[in-house]
Amino acid sequence: MMKSIYDYLQEEINGLEGCFDKFILYIPDFFTLLCDLLRQNIDSEDRRIINSALAYFVVPNDRIYEEIYGPMGYVDDVYVCTFVLKKIQEKYGYEFLEQLWDHDEQIDQVLDYSYNKSLQLLGNQDLIKEILKYSGLD
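Residues numbered from 1 in each chain as written. Predicted model: local features only at pLDDT ≥ 70, side-chain atom pairs only at ≥ 80, totals over all residues. Heavy atoms only, no water.

> I would appreciate a short explanation of the confidence of the model for the protein in the present structure.
On average, residues of the protein carry a pLDDT of 89, and 96% of them reach 70 or more. For the protein, helix H4 (residues 66–69) is the element with the lowest average pLDDT, namely 75, and helix H5 (residues 75–92) is the one with the highest, namely 96. (pLDDT = per-residue confidence, 0-100. Helix = DSSP H or I, 4+ residues; strand = E, 2+ residues; numbered from the N terminus.)

What follows is the structure in structure tokens.
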């Protein structure tokens, strides 16, 4: 039986070693939230950007390689997810996301922290533009 992408991401995150910020641990949860959003009544443009973020998880050789950079290789993945989730939040509100978020921590705090931290770690505007272009979100 083939593993789901969520299971794969969860195993990857559980297997991470070394020092890294906790926002990296939310990757499987962001993936699930994006998938759950596709089951909601949203417009086609929102579906397109959500699918772009989901595709970024599975495309080989994204902008920062996990195989080379370890946990820090997920910073671009987190950035793409939170970039899209913030767009959805701006349009539909945090309450819309909160209904689908199955955690004790508040989605607004997790989303804001993860977005800001990934943006800070990426730092370079050219890299950020490259990531958005690569994901089709530019």
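After that view, the rundown keeps rolling.
> Would you mind showing me how to read the nonpolar core here?
Where a protein is soluble and globular, its nonpolar side chains tend to be buried together. Formed by 42 residues in total, the largest nonpolar core has its most connected members in Ile24, Leu34, Leu37 and Val84. For this core, the leading source of residues is H5, giving nine residues. (Core = buried A, V, L, I, M, F, W, Y, C linked by side-chain atoms within 4.5 Å. Buried < 20%, exposed > 50% of the residue type's maximum accessible area, 1.4 Å probe, protein only.)

> Looking at this structure, how should I read the pattern of salt bridges?
Applying the stated rule across the entire model yields seven salt bridges. With a shortest N-O distance of 3.4 Å, Lys22 and Glu105 are connected by a salt bridge. Separated by 83 residues along the polypeptide, Lys22 in the loop between helix H1 (5–14) and helix H2 (27–37) and Glu105 in the loop between helix H6 (94–98) and helix H7 (107–122) bring together distant segments of the chain. Note on Lys22: relative accessible area 45%, which makes it partly exposed. Classification of Glu105 by relative accessible area gives partly exposed; the value is 36%. Its salt-bridge partner being Asp36, residue Arg39 comes within 2.5 Å of it at the nearest N-O pair. Several salt bridges converge on common partners, so that one network encompasses Asp43, Asp46 and Lys91. (Salt bridge = Lys/Arg side-chain N within 4 Å of Asp/Glu carboxyl O.)

> Explain H5 to me, please; I cannot follow it from the model alone.
Think of an α-helix as 3.6 residues a turn; residues three or four steps apart then line up on the same face. Taking 1.5 Å per residue, 18 residues should reach 26 Å; H5 reaches 25 Å between its end C-alpha atoms and fits that length. Judged by how many residues are buried, H5 sits mostly within the fold: 14 of 18 residues are covered. Gly93 sits one or two positions beyond H5 and adopts a positive phi of about 95°. (Expected span 1.5 Å × (residues − 1).)

> Sorry if this is basic, but what is going on with helix H8 (residues 125–135) here?
Within the sequence span of H8, burial applies to Ile128, Ile131, Leu132 and Ser135. Across the axial projection of H8, the buried residues extend over an arc of 95°, all falling on one side. In H8, the exposed residues that point more than 90 degrees away from the buried face are Asp126, Lys129 and Lys133. Of the surrounding secondary structure, the elements contacted by the buried residues of H8 are helix H3 (44–58), H5 and H7. One or two residues past the end of H8 sits Gly136, with phi positive at roughly 80°. (Arc of directions from axis to C-beta. Contact = heavy atoms within 4.5 Å.)

> Any chance you could explain the environment of Asn51 here in plain terms?
The residue Asn51 is located in helix H3 in this model. Residue Asn51 is classed as partly exposed on the basis of its relative accessible area, which comes to 39%. A C-alpha to C-alpha distance of 9.8 Å links Asn51 and Gly136, two positions 85 residues apart in sequence.

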